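Tertiary structure, described
Here are the chains, one letter per residue:
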Amino acid sequence: MVKLDEMYHHGILGQKWGVRRFQNKDGTLTTAGQKRLEKKDTKWAHKNHDKIVSKARKDVSKELDQYANQLLKNPSSMTSKGKISSSAINSYNRKMAELMNESVKNVTAPSGRVVQFVAKRGEVGVHMALADRGYDMQQLKNGIWASGRVAYKKKNVDMV
């Protein structure tokens, strides 16, 4: 007979109570926790990519247009066939990445990583990437190819 003023709890046999799956006791993440946070960052980046890029481009458009006009006035920025030289394109992309990084310096992903822009090589534009705070983006100063391979290096960059 059960008394109404008593509370009973019947656990499940073999159930482990208080198991930490994603965080250690000292607060560091387990490997499963790191993968979970990485997945969360990726989802956040895909969701917010267009908004971040469009706002950054809007913020730097005037300065970037002035730089482009200045760059095109230089006779060495054109090839003999009348096309824009690859060095001028790469210079423009580096300037674009620099200005856009300054524009989004306070934007962080859920894990605390920061949004960074990296210059493309050979075509106009930048890639958005997530980097650890304090990461030296000068390591990628030569830009990256569309495949994600760092120019003049063999490692790849995870682009969003």
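Scope of this entry: the structure provided in the associated data block. Predicted model, so just to flag it, every value in this text is computed and none were measured.

In terms of helices and strands, the protein chain carries 2 helices and 2 strands. Listing every helix and strand of the protein chain by position from the N terminus yields α-α-β-β. Per-residue burial for the protein chain yields a buried fraction of 32% across its 160 residues. Residue pairs in contact within the protein chain that sit at least 24 positions apart in sequence constitute 45% of those at least 6 positions apart. Summed over its atoms, the accessible surface of the protein chain is roughly 12000 Å², and 52% of this surface lies on carbon and sulfur atoms.

Next up on the list: helix α1 (residues 31-73). Compared with the 63 Å implied by 1.5 Å per residue over 43 residues, the 53 Å span of α1 between its first and last C-alpha is markedly short. Approximately 55 degrees is the largest bend angle found in α1, and it occurs at S61.

So, about helix α2 (residues 86-103). Think of an α-helix as 3.6 residues a turn; residues three or four steps apart then line up on the same face. Taking 1.5 Å per residue as the helical rise, α2 with its 18 residues ought to reach 26 Å, and the 25 Å between its terminal C-alpha atoms agrees with that figure. Residues of α2 that are buried include every one of A88, I89, N90, S91, Y92, N93, M96, A97, L99, M100 and N101, and no others. Its buried side turned inward, α2 meets α1, β1 (114-119) and β2 (126-131).

Before going further, it helps to spend a moment on the packing of α1 against α2. Running from N to C, α1 and α2 cross one another at 140 degrees; their axes reach a closest spacing of 9 Å. Taken together, the axis directions place α1 and α2 in an arrangement best described as oblique. Our pair here, α1 against α2, has a crossing hand that is right-handed. Within the contact between the two elements, α1 uses V53, A56, R57, D59, V60, E63, L64, Y67, A68 and L71 and α2 uses A88, S91, Y92, K95, M96, L99, M100 and S103. A per-class count over the contact of α1 with α2 returns 12 nonpolar, 2 polar and 4 charged.

All right, on to the nonpolar core then. Core analysis: the largest hydrophobic core is formed by 24 residues, its most contacted members being W44, I52, Y92, M100, V115, F117 and M128. Going through the elements one at a time, α1, α2, β1 and β2 are the ones with two or more residues in this core. Broken down by element, the residue count for this core peaks at 10 residues, all from α1. Leaving out residues up to four positions away in the same chain, F117 has contacts with I52, V53, A56, A97, M100, N101, V104, V126, H127, M128 and M137. Counting 6 residues, the second largest nonpolar core, distinct from the first, contains V118, A131, M137 and L140.

Counted residue by residue, β1 has 6 buried out of 6 residues, so it is predominantly covered. Every second residue of β1 is oriented toward a common face, with V114, Q116 and V118 on one face and V115, F117 and A119 on the other, all of them buried. Count of turn residues in the β1/β2 antiparallel hairpin: 6 residues, of which G122 carries a positive phi of about 85 degrees.

With respect to the helices and strands, the residue S91 is situated in helix α2. Residue S91 is classed as buried on the basis of its relative accessible area of 17%.

About the cut-offs
Residues numbered from 1 in each chain as written. Predicted model: local features only at pLDDT ≥ 70, side-chain atom pairs only at ≥ 80, totals over all residues. Heavy atoms only, no water. Helix = DSSP H or I, 4+ residues; strand = E, 2+ residues; numbered from the N terminus. Buried < 20%, exposed > 50% of the residue type's maximum accessible area, 1.4 Å probe, protein only. Contact = heavy atoms within 4.5 Å. Areas by Shrake-Rupley, 256 points an atom, 1.4 Å probe, with all protein chains shown as cover. Expected span 1.5 Å × (residues − 1). Bend = angle between axes of the 7 residues up to and from the residue. Axes fitted to C-alpha atoms, helices over the stretch in contact; angles between N-to-C directions. Parallel < 35°, antiparallel > 145°, perpendicular 65-115°, else oblique. Left-handed = near helix turned anticlockwise from the far one by under 90°. Nonpolar A, V, L, I, M, F, W, Y, C, P; charged D, E, K, R; others polar. Core = buried A, V, L, I, M, F, W, Y, C linked by side-chain atoms within 4.5 Å. Pairing = 2+ DSSP bridges.

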